[in-house]
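# Analysis of the macromolecular model
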Amino acid sequence: MKVMKFGGTSVGSVKSILSLKKIVETEARTQPVVVVVSALDGITDKLIATSKMAKQGDEHYREEFDAMVTRHHQMIEAIITDDKKRVDLFNNVDQLFDQLKSIYYGVYLIHDLSKKTEDTIVSYGERLSSHIVAAMVKNGVRMNSRDFIRTEKKQGRHVIDADLTTELVKEAFKDLSDKSVYVVPGFIARDRDSHETTNLGRGGSDYTASIIAAVLNAEVLEIWTDVDGFMTADPKVIKTAYTINELSYIEAMELCNFGAKVIYPPTIYPVCVKNIPIKVKNTFNPEHPGTLIKAKIENDQKPIKGISSIKGTSLITVTGLSMVGVIGVNRRIFTTLANKGISVFMVSQASSENSTSIGVRDEDAAAAAEVLNAEFAKEIETGAMFPMQVESGLATIAIVGENMKQTPGIAGKLFGTLGRSGISVIACAQGASETNISFVVDGKFLRKSLNVLHDSFFLSEYKVLNIFICGIGTVGGMLLEQIRTQQQFLMQSRRLKLNVVGISDVDNFVLDRDGIDLDNYEKILRAGFKADTDHMREEIIKMNIFNSVFVDCTASKQIATLYQTFLEHNISVVAANKIAASSDYDSYLKLRQTARDRGVWFRYETNVGAGLPIIGTINDLCNSGDKILKIEAILSGTLNFIFNEIAADVPFSETVRRAKEQRYSEPDPRIDLSGTDVIRKLVILTREAGYKVEQDDVEKHLFVPDSYFEGSIDDFWKRLPELDADFETRRKVLEAENKRWRFVATMEADENDPSNFKTSVALKEVPYGHPFYGLEGSNNIVLLTTERYKEYPMLIQGYGAGAAVTAAGVFANIMSIANI
């Protein structure tokens, strides 16, 4: 036989209770079935709230009572089609409501609500629902659980009298028949001595079902609820959480104790002793296999099964020098709290014994501190101990899995993962069984902690990288398109979800932690916040999102100032923007150091050479012990285009105009002609090679007089042809000598004293046969002379400009962070 328990949501609506009917009747065809039911969803809370209104003399309690009557009547009208059954059921239900009405009226008259009366009132929820279910299912027989579930009073609480209950359950179900469905109201019981109605507390219906299953040696205990089973984490917080197929009794108990509200924790004990499996199923999705809980899980490879949490945690720290080596301090702490009825769910003690931190609910914190201060008043007065330290607004998280004890490094990975995400652990605890590591964090980091741990321990079906993209011009727009077209492929082949959670342009910005639809981002962006750098920074930080990266596809100095703050808040930065990496050396160094200290990434490969692997190659050489002695590079695709285009019939001024028209140059070409962009790139490469350099240290040998950079852009275009004749004269000489112009950036160090180095940018005449001579179009080229590559320098060459390749380089940087 089997025992099936249906929770409040399973009997709370017409749809769900008809699903219950179908499920139960299917099972009852082949075996005896005991069905334990909770009150209709929300009714227990309503019964309590209405009793409090009556106690306060609030006449509106009658309206609440009438609403409960109406709800049950409407349920009966909707599900019971047989007229006789409906009339009989109405009679039974209305008799119960008449009793309840009288009790409420008595409470209203005397303004008193004793514990005995309250227990009687809340029993009506299950009594009513069990009548309805018994009438609805085929061959339903209603049993009165108060006849066989008995309690005794211990320390002011009603607890199960196990021996008497076992005896009475056996007697009640001795004639169990597969022709009947036995419907039992959960939760409620009767005192063994006074015979007054009592209950098993919140979640008591699960406990009722477990007790019956254990006594009757059921094949299985099924808990039917509104979720598919135990999840790896709270799906309301973690979108990638999924159902756990199997759990051990210990794992299920640990998850229940730390906030997983699938079943009531004491439920597990009676069936665990009898080795009866528990199956958690979804009334609304009965085809789903659910979660099976049993003694031992075969072929279980995962060290972590699930993550659970408790919000509203307070830590109370008992500390003082007199605690060291003194026997009985902890006994006094826990006895004092127990006498006050305060539950402690976590304990963390330093090995020095001078402090003990205990975790309690926020609502119990003040009372706990008060009674502990009173208990240790003498020690506090003499200075041997300090007043209780209370820290509230925290959250407790537990990672659970029996295989943790067989897997070294779990705790290290746990704390390392949290640290890299900028999350401090305030207190932690782990038992010798190693099935649970519990720790406390600031409450504002709960969501982030759960997500980053879920992702890190591969509980998620895929890894998530949350991306903010600033700037959707040529590069940013192309990047969004590349991400959009690759999202599905990466999900399927790499189990990686690129979740674009923020987009901004010069007018607006939009943020959505669930992800922005890249097919409609332009429309969504127009409805977003008005663009404001400070506001955007605040909103991004406020999101406190895990595993995140800020991508800067602008050329904005203001946006570059955000990097430091983002890195300090454990948000990685990928920059196509060259300003930060080429700014003053101390700022550049601070950004890199912050990234290292916080365990995040500052990547800017596309600052030089678009998608070419130049910065990464220099890093690899230096990290492997090589020394960069000389860098020679053509780093401006614009200038290379200009000096490749210049010819007898194409004057210098025309090549500049073509560069602008074909979008190789900036809208104001003077930015390219001034060499500023090349200087920035040279500074970045020199720094990556291990040298300290500022932009002002670079010698500049420019080919356009300074006066051309003054005045308006219109003045520039008018005057530019004045340079054509001189360039043509010099070009003819070059042509005769079989040479070409190249604007070359150079860093050269003294081989004997590498700390002595020079940097320069200059228009040079390159002879035929030189690697730079045949460089076509807007390509870039870099020659690296190192201690290892001295005779034959390393050459890196390729397309060094354009939206597609630059976006691809930025994308590659993003992927490098995702793959770590």
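A brief report on the enclosed structure follows. As the structure is a computational prediction, the values presented were derived from the model and not from experiment.

### Remarks on a positive patch on the surface
- Taken together, the side chains of Lys236, Lys239, Lys261, Lys311, Arg361 and Arg447 define a basic patch exposed on the protein surface.
- Classification of Lys261 by relative accessible area gives exposed; the value is 81%.

### A look at helix H23 (residues 652-661)
- Taken together, the buried positions of H23 are Phe652, Ser653, Thr655, Val656 and Ala659. Axial view of H23: buried residues confined to an arc of 160 degrees, hence all on one face.
- Packing partners of the buried residues in H23 comprise helix H22 (637-645), helix H24 (670-673), helix H26 (713-719) and helix H27 (724-736).
- Note on H23: the residue one or two positions beyond its end, Arg663, has a positive phi of about 65 degrees.

### Section: the nonpolar core
- With 77 residues, the main nonpolar core has Phe550, Tyr563, Phe602, Ile631, Phe652, Leu673 and Phe703 as its most contacted residues.
- The element that contributes the greatest number of residues to this core is helix H25 (residues 676-688), accounting for six residues.
- Leave out the neighbours within four places in its chain, and Phe703 touches Leu639, Phe643, Phe652, Leu673, Phe727, Phe743 and Leu763.
- Met1, Ile149, Leu200 and Val215 belong to the second-largest nonpolar core, a separate cluster that totals 50 residues.

### Structural notes on the packing of aromatic side chains
- According to the stated counting rule, one finds 25 aromatic pairs in the structure shown.
- In this structure an aromatic cluster arises from ring pairing among Tyr61, Phe65, Phe97, Tyr104, Tyr105 and Tyr108.
- Between Arg62 and the ring centre of Tyr108, over which it is positioned, the NZ or CZ distance is 5.2 Å.
- A cation sits over an aromatic face here: Arg687 above Tyr588, 5.0 Å from the ring centre.

### Quick notes on unusual backbone geometry
- At His111, a residue that is not glycine, the phi angle is positive and equals roughly 55 degrees.
- Take His111: it is sitting in the loop between helix H4 (83-110) and helix H5 (115-136).
- His111 sits in the partly exposed class, given a relative accessible area of 45%.
- Of note, the phi angle at Asn544 is positive, near 50 degrees, even though the residue is not glycine.
- Mapped onto the secondary structure, Asn544 falls in the loop between helix H17 (533-543) and strand S23 (548-552).
- Accessibility expressed as a relative area gives 16% for Asn544, which makes it buried.

### Let's talk about the pairing of strand S29 (residues 757-767)
- Direction of pairing for strand S27 (residues 699-701) relative to S29: parallel, over a ladder of three bridges. Directly across from His701, in S29, lies its bridge partner Ala762.
- Where strand S28 (residues 739-749) and S29 come together, 11 bridges link them in antiparallel fashion. Residue pairing across strands places Phe743 opposite Leu763, the latter belonging to S29.

### Quick look at the sheet that holds strand S7 (residues 188-191)
- Spatial strand order, S5-S4-S7-S8: four strands in an open sheet with mixed pairing. The open sheet has two edge strands, strand S5 (157-160) and strand S8 (197-199), and neither has a second partner. For this sheet, the mean inter-axis angle between neighbouring strands, taken without regard to orientation, is 55 degrees.
- As defined by bridge partners, strand S4 (residues 150-154) adjoins S5 across four bridges and the pair is classed as antiparallel. Considered in S5, the bridge of Glu152 is made with Val159.
- Its contacts with the sheet place H5 against S5, S7 and S8, and it is angled at close to 75 degrees to S8.

### Let's talk about the sheet that holds strand S13 (residues 306-319)
- One open sheet accounts for six strands, arranged S14-S15-S13-S16-S18-S17; its pairing is antiparallel. Only two strands of the sheet have a single neighbouring strand rather than two, namely strand S14 (346-349) and strand S17 (427-430). The sheet shows a mean angle of 30 degrees between the axes of neighbouring strands, taken without regard to direction.
- Relative to strand S15 (residues 355-361), S13 is paired through seven bridges, and the arrangement is antiparallel. The residue of S15 that forms the bridge with Val318 is Thr356.
- Relative to S13, helix H8 (residues 249-257) is tilted by about 60 degrees, and along the sheet it contacts S13, strand S16 (389-400) and strand S18 (436-442).

### Some thoughts on the pairing of strand S9 (residues 220-225)
- Burial of S9 is extensive: six of the six residues sit out of reach of the surface.
- Of the two faces of S9, the one lined by Val220, Glu222 and Trp224 and the one lined by Leu221, Ile223 and Thr225 are each fully buried.
- Bridge analysis of strand S1 (residues 2-6) against S9 gives five bridges, and the strand direction is parallel. Opposite Met4, over in S9, you have Glu222 as the bridge partner.
- As defined by bridge partners, S9 adjoins strand S11 (residues 278-282) across five bridges and the pair is classed as parallel. Considered in S11, the bridge of Thr225 is made with Asn282.

### Quick look at helix H21 (residues 614-623)
- Ile614, Ile615, Thr617, Ile618 and Leu621 are the residues of H21 that are buried. Down the axis of H21, the buried set is contained in an arc of 160 degrees. They therefore lie on one face. Exposed positions of H21 whose direction lies more than 90 degrees from the buried face are Asp620 and Asn623.
- On its buried side, H21 packs onto strand S26 (628-634), H25, strand S30 (779-786) and strand S31 (794-799).
- Count one or two residues on from H21 and you reach Gly625, which has phi positive near 100 degrees.

### Considering the pattern of salt bridges
- Considering all chains together, one arrives at 40 salt bridges under this definition.
- Here Glu402 makes a salt bridge to Lys405, at a shortest N to O gap of 3.6 Å.
- Of the residues examined, Glu402 reaches a relative accessible area of 17% and is grouped as buried.
- Accessibility expressed as a relative area gives 42% for Lys405, which makes it partly exposed.
- Between Arg658 and Glu654 there is a salt bridge, and its shortest N-O distance comes to 3.3 Å. Of this pair, Arg658 and Glu654 both sit in helix H23, separated by four residues, roughly a single helical turn.
- Taking relative accessible area as the criterion, Arg658 reaches 26% and is therefore assigned partly exposed.

Basis of the calculations
- Residues numbered from 1 in each chain as written.
- Predicted model: local features only at pLDDT ≥ 70, side-chain atom pairs only at ≥ 80, totals over all residues.
- Heavy atoms only, no water.
- Patch = residues over 30% accessible without salt bridge, like charges linked within 9 Å, V, L, I, M, F, W, Y side chains within 5 Å.
- Areas by Shrake-Rupley, 256 points an atom, 1.4 Å probe, with all protein chains shown as cover.
- Salt bridge = Lys/Arg side-chain N within 4 Å of Asp/Glu carboxyl O.
- Lys, Arg positive; Asp, Glu negative; His and termini not counted.
- Charge placed at Lys NZ, Arg CZ, Asp CG, Glu CD.
- Buried < 20%, exposed > 50% of the residue type's maximum accessible area, 1.4 Å probe, protein only.
- Helix = DSSP H or I, 4+ residues; strand = E, 2+ residues; numbered from the N terminus.
- Arc of directions from axis to C-beta.
- Contact = heavy atoms within 4.5 Å.
- Core = buried A, V, L, I, M, F, W, Y, C linked by side-chain atoms within 4.5 Å.
- Phe/Tyr/Trp six-rings, centres within 6.5 Å; stacked < 30°, edge-to-face > 60°.
- Lys NZ or Arg CZ within 6 Å of the ring centre and 35° of its normal.
- Pairing = 2+ DSSP bridges.
- Axes fitted to C-alpha atoms, helices over the stretch in contact; angles between N-to-C directions.

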